[in-house]
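A closer look at the structure
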Amino acid sequence: MGSTEKSPTANSPCGSEPLPPGVKVDSVYLRWMPEQRAVGYRNMNKLDATRIVRRGVNSRALPVATRQISPRWTWHDEAMDLDRYMTSMRTAGVVVLKDGEILLERYGLGHTENDSWYAFSVTKSVTAILAGAAIRDRYIKSMDAPVRDYIPEMKGSAYDEVTVRQLFTMTSGVKWNEDYFDPNSDVCRAGQCCYEAGINPIVAYMRHLPRAAEPGTKHNYSTGESDLAGILVSNATGKSMSEYLSEKLWQPYGMEKDADWVVDRFGRDRGGTGLSMTLRDYARIGQFMLDGGKADGAQVLPADWLTDATKVQASFPAPQRGHGAVGYGYFWWIYKNAYAALGSDGQAIFVYPQDKVVIAVNSAWPAPTTPEAPQARDGFVHALYAAAVS
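Throughout what follows, the structure given in this document is the object of discussion. None of these values were measured; they are calculated from a predicted model. (Residues numbered from 1 in each chain as written. Predicted model: local features only at pLDDT ≥ 70, side-chain atom pairs only at ≥ 80, totals over all residues. Heavy atoms only, no water.)

Looking now at the pattern of salt bridges. Going through the model one piece at a time under the given rule, you end up with 20 salt bridges. Asp81 serves as the salt-bridge partner of Arg72, at 3.7 Å between the closest nitrogen and oxygen. Arg72 gets classed as exposed once you look at its relative accessible area, which sits at 70%. In this structure Asp81 comes out as partly exposed when scored by relative accessible area, which is 24%. The residue Glu161 makes a salt bridge to Arg148 at a minimum N-O spacing of 3.7 Å. (Salt bridge = Lys/Arg side-chain N within 4 Å of Asp/Glu carboxyl O. Buried < 20%, exposed > 50% of the residue type's maximum accessible area, 1.4 Å probe, protein only.)

What the eight strands build is an open sheet, ordered β5-β4-β16-β15-β14-β13-β12-β11; its pairing is antiparallel. Both edges of this open sheet fall to β5 (101-107) and β11 (314-315), since each of them pairs with a single strand only. Where strand β13 (residues 333-334) meets strand β14 (residues 339-343), two bridges bridge the pair, whose relative direction is antiparallel. Counterpart to Ile334 in the pairing with β14 is Tyr339. The strands touched by helix α10 (residues 279-290) are β4 (91-98), β5, β14, β15 (347-352) and β16 (357-363); relative to β16, the strand with the most contacts, the crossing angle is about 150°. (Pairing = 2+ DSSP bridges. Helix = DSSP H or I, 4+ residues; strand = E, 2+ residues; numbered from the N terminus. Contact = heavy atoms within 4.5 Å. Axes fitted to C-alpha atoms, helices over the stretch in contact; angles between N-to-C directions.)

The next subject is the sheet that holds strand β1 (residues 50-53). One open sheet holds the four strands; their spatial order is β1-β7-β8-β6, and the pairing between them is antiparallel. Two strands in the sheet have a free side with no partner beyond their single neighbour: β1 and β6 (116-118). With direction set aside, neighbouring strand axes in the sheet form an average angle of 25°. Here strand β7 (residues 259-262) runs beside strand β8 (residues 275-278); their pairing, made up of two bridges, is antiparallel. Across the sheet, the residue bridging to Asp260 is Ser276, located in β8. Contacts from helix α9 (residues 241-250) reach β1, β7 and β8 within the one sheet, and its direction differs from that of β1 by about 15°. Here α10 sits on the sheet and contacts β6 and β8; the angle it forms with β8, its principal contact strand, is near 100°.

Structure, rendered in structure tokens:
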């Protein structure tokens, strides 16, 4: 499970550390050209220090359904089909499952079913899965336990009275700036400064942040809190996140390929980003959720926890971040009839529990930070869902 010997590059999208000699890719992914992202996202395990999430002996079959789909829809008064969308939105892959069978599998940008693809913030939703497993295994007492019980360094900080639930719903009330284009924002500075001897740099940074609202009253998107959540899970279990993920999901559920998990410069798996996996294994994560959090006949996630994780814990007064989510669960985005794991530049797992549909998408969007891209993605996903249930 040891990390590879590579220079960290993707730990922060705002960082500026060089890649290894000979790698022709800019070190800051927000500055990568679309063609560079298509290569870089397939090769993060070669560009960054990682741990392997090991698969088991057997892989879970995803049989191809007799019925296949190829939807057509209208977007901004223009006719759209699968090929046109994938080309215009630089889609690297899409898989649609219905009742665990493949209705659609298509790849682009040189990506294949054997390649891994960087998950970005889809990783947050996997961190939530590990928290649920840790509650089932009694490593974490409950979602209402104080964060300080598992990260003692947070005693006396703005997180002193924050619960595990508030951390995983990003409602801690602690001030945080997620602006990737501001070099002085929290998301750019966390883990890059403020070292304290013997303390993880994320913890060292975040325990000095001020309070902006009462805990539980306001949702504020924070990659720092998801990184903190990963540290909490690792502290509680006494295992690295990659080891625990292999134990609880990758091996027993039958993931097809080993995954990679980027570690920070102090060797800890990041809770907020860093996983790379095949698109089919993205889809298997969604199917695992549909299967009630069971793997190899064993209950991995408590049933009541899974229900809470995938329902609105923090309501949005208006659609957030350019897409149509109505609220936030435990690091899962909640839609009217679905829940989703979403990552930068078009990475997604959508789960429709009533209709037993899973949609997984990999992308390298032409413009990863504009609101139009996630809106177009949501239109695409809706068309895939409508075709799957028709």
